[in-house]
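# Overview (structure and organization)
Chain by chain, the residues:
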Amino acid sequence: MSSVRDWAAPNPVTENRGGLIGKGVDRYEGPLKVTGTAPYAYDTPAPSPPAIGVMATATIPRGRIVSADVSAAEAAPGVMLVWTHRNVPPQAPRGTRANPRSQRASNPALASDRVEYYGQPVGFVVADTFENARAAAELIVFDYAPEPAVVDFKASFGLAEQPPNEEDVRVGDFEAAFAGAPVTLDETYFSPLQNHVQMEPCATVAWWEGDKVTVHTSIQMVKGGQHALAETLAIPSEQVQLSTRYIGGGFGGKGQPYEDLVLAALAARALSRPVKVTYTRQQMFHGTIHRPAVEMRVRLGAQPDGRLTAMALEATTHCARQAIFTEHAANFARSLYAAPNRLTGHRLVKMDLPHAGPMRAPGEASGMLSLECAMDELAETLGIDPVELRIRNEPEKDPETGKPFSTRQLVRCMTEGAQRFGWARRNPVPGQVREGRWLVGMGMAAAIRGNFLLPAKAGIRIDAGGVVTVRQGMTDIGTGSYTILAQIAAETMGTRLEDVRVEIGDSDMPPAPGSGGQFGAATAGSAAFQAAMNLRAALTELAVDDPRSPLYGGPAEFVTFENGNIAIENRSESLAALVARAAPEGVYVEGAITPAADARDYSQHTYGAHFAEVGVDQVTGEVRLRRMFGVFAAGRILNAKTAKSQITGGMIWGVGTALTEVNAVDPRYGSFVAGDMAEYLVPVHADIANLDSMFLDEADDKANPMGIKGVGELGISGAGAAVANAIYNACGVRLRDYPMSPDKVLAGLLAKGM
């Protein structure tokens, strides 16, 4: 057989002959989930009955463990082992990377007598049942030597410092332009600490076969988890097989491994039997990462016509003392509006709290709560409609880098949304629309979220029955990865969706970066598309080189794939017949995607516009969402149903950010006050009425071969600000401290004499 030819048949994505890409097909794995048969990590069957592990956690925010009395725990019914820092098996020191290519360094569990935050795992019990393990864990008696701890964010601003390896970004002379602007705004906004609250807690089941460990865990990044465990156990990564087939929500909170992964593997090796470990709901709040609180100072200088001459957004956030993380709440502002003089930057307060980290739309979700409200305030000061003010500050190119935009439909998102929402009926004077005791108002906000593409691979195989199987170390955190990969493979190969199998979430599969950062669909999908195109080329070669094929000797550039057939004009045969005859063992190829060489030459983002109408109860201060609508431009939409689910889910989260979401820190213990789903308030069905969205047609050919961008994080970006602006329009109370709970709204109403 000759070598694979250069093959330039029409791109099936552009032709979309089967109509599968973009169609709102049902979830690939939906039947398994709704019938309760999808095995999540903790549900995964083990080779033999597993023992159950439970963690004991610290009750101080900072200090050291003086002693740990484990005698009662060891004598408790069903207990197989009890570990503290004194007897846990050896692990590599924190931060070790024996393999410099490891995506994650060692993160040992129970590593020392140091306590770095309230809720830190400090003990571990394995027993025959969960109940016995939990009861025994509560019998361990720890004696601590507490140390002074920093746990109050607002009281600690004096400790703020510039994050490592970061500098403020300046364009022009902001201070001079702001001082000379005829109209200025200088306001500070506050977004509180928030938790991910995924439905599925972090969990792991592990077992060993010889020197190889198999772990089924709930994590968003397959390779990161595999490498972290290998580094911690000081074994080659090839001796760790990590699987994460079904994940009950991630939102960034499962972007890294936690102690359940390490302790399950260690205990399984020590006991020579499978071990399951899960975080309790209460442990999830402290033992996994959270979105940090952010204080944001916004300064705007403008001409009377609304054109910005100066813009600054400076954000102060916090992180754990031993785990540096910066919530980049100012970054989005660098590409949103035109202003010749600009200042953006961050400050960081190191605290003795559980680790902060990425949470859905890190940066934008918090940051847009400030600038998008500031633009609303500026619009009122100038007497300009908020939509019009934003249009007047629309940049022709990226305002900081000067790079051209790959695509940018922000103005169309705003104008289309305004027309469909009925924005023209809005009364710009606050507090003028009433329905009984309810004050009614409208608000809007723009949305922006960066677009990213990371390196990835995918494998694809077709067997003698014509069944196409996609294999990739990708994950599905509920976003629809299984489904879109099936759609891409079926469309590209010209087969039925029912003839495609998708296998993802395993470290033995071709690597992908996983789900997160809104890069998952574009990255994984582009790699799968390239693999499918490589398979088309391989099958084309089989057919035109096979004297038994009706396509023998035909021009490869005219080959098409449709309805399960491979064809050249009026000559065709089924894929199944071709493979069964020419390659009965099946044909397997791989494909890869890397960012294009010129990708950095463009400013790449997704965009949107939110419109909200709320009612404010004048008596109680309660805020009710009456309706909400969003218009978004996010590249090629792969599945209309799952994309809309993601974008509206983000919008709902934004409503919660504006109205309910907060977790306070108890200054006595450094603990979070809310520790379960009853106390941590998120929107429920009764809170969300008449919420809808739409996507503009778009395919960004600068983003990747398929023109895909992500949608998972765009929906929350700016959504809370639209609700906040609607509250002001309804009742004239301008709140800058989220969430806008009834007590704050009522205090504002009383202050206005309403």
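Here goes a summary of the coordinates provided. All figures in this text were calculated on a predicted structure; none of them were measured in a lab. (Residues numbered from 1 in each chain as written. Predicted model: local features only at pLDDT ≥ 70, side-chain atom pairs only at ≥ 80, totals over all residues. Heavy atoms only, no water.)

## Considering the overall build of the protein chain
For the protein chain, the helix and strand inventory stands at 17 helices and 31 strands. In terms of C-alpha radius of gyration, the protein chain reaches 28 Å, essentially the compact-globule figure of 27 Å for 754 residues. Overall, the protein chain is about 85 × 75 × 50 Å in size when its C-alpha atoms are taken along their principal axes. Counting across all 754 residues of the protein chain, residues that qualify as buried make up 60%. Between the centroid of the 69 positive side chains of the protein chain and the centroid of its 83 negative side chains there is a distance of 1 Å. (Helix = DSSP H or I, 4+ residues; strand = E, 2+ residues; numbered from the N terminus. Rg over C-alpha atoms; globule rule 2.2 N^0.38 Å. Buried < 20%, exposed > 50% of the residue type's maximum accessible area, 1.4 Å probe, protein only. Lys, Arg positive; Asp, Glu negative; His and termini not counted. Charge placed at Lys NZ, Arg CZ, Asp CG, Glu CD.)

## A closer look at the environment of Asn563
You can see Asn563 is positioned in the loop between strand S23 (559-562) and strand S24 (565-568). Look at Asn563 and you get exposed, because its relative accessible area is 68%. In this structure the C-alpha to C-alpha distance between Asn563 and Val298, which are 265 residues apart in sequence, comes to 57 Å.

## Observations regarding the pattern of salt bridges
Following the criterion strictly, the structure yields 48 salt bridges and no others. The shortest N-O distance in the salt bridge between Arg62 and Asp352 comes to 3.9 Å. One end of the pair, Arg62, is in the loop between strand S1 (51-57) and strand S2 (63-69); the other, Asp352, is in the loop between strand S17 (341-351) and helix H9 (364-382), with 290 residues separating them in the sequence. Using a relative accessible area of 24% as the deciding quantity, one classes Arg62 as partly exposed. Salt-bridge contacts for Lys254 lead to Glu200; the nearest nitrogen and oxygen are separated by 2.9 Å. In this pair, Lys254 is assigned in the loop between strand S12 (240-243) and helix H7 (259-271) and Glu200 in the loop between strand S9 (194-195) and strand S10 (203-209), connecting sequence segments 54 residues apart. The class of Glu200 is buried, set by a relative accessible area of 11%. (Salt bridge = Lys/Arg side-chain N within 4 Å of Asp/Glu carboxyl O.)

## Brief notes about the sheet that holds strand S27 (residues 605-617)
Reading across the sheet, the five strands line up as S18-S19-S27-S28-S31 and stay open at both edges, with mixed pairing between neighbours. Whereas interior strands pair on both sides, the edge strands pair on one side only; in this sheet they are strand S18 (434-435) and strand S31 (691-695). Where helix H15 (residues 640-659) meets the sheet, its contacts fall on S27, strand S28 (623-633) and S31, and the angle it forms with S31 comes to roughly 135°. (Pairing = 2+ DSSP bridges. Contact = heavy atoms within 4.5 Å. Axes fitted to C-alpha atoms, helices over the stretch in contact; angles between N-to-C directions.)

## Observations concerning H7
Along its 13 residues, H7 runs 18 Å from first to last C-alpha, staying within 8% of the 18 Å computed at 1.5 Å per residue. With 10 of its 13 residues buried, H7 lies for the most part within the structure. When we look at burial in H7, the residues that qualify are Glu259, Asp260, Leu261, Val262, Leu263, Ala264, Ala265, Leu266, Ala267 and Ala268. Where H7 ends, the next residue or the one after it, Ser272, has phi of about 55°, a positive value. (Expected span 1.5 Å × (residues − 1).)

## Quick notes on the nonpolar core
Proteins that are soluble and globular tend to have nonpolar side chains buried together. Of all hydrophobic cores here, the largest spans 87 residues; its most connected members are Leu300, Leu371, Val614, Val616, Met628, Val723 and Ile727. In this view, Val723 contacts Ala612, Val614, Met628, Val655, Ala658 and Leu659; residues no more than four positions away in its chain are not counted. Judged by nonpolar contacts, the second largest core, of 54 residues, contains Ala512, Ala543, Val544 and Ile566. (Core = buried A, V, L, I, M, F, W, Y, C linked by side-chain atoms within 4.5 Å.)

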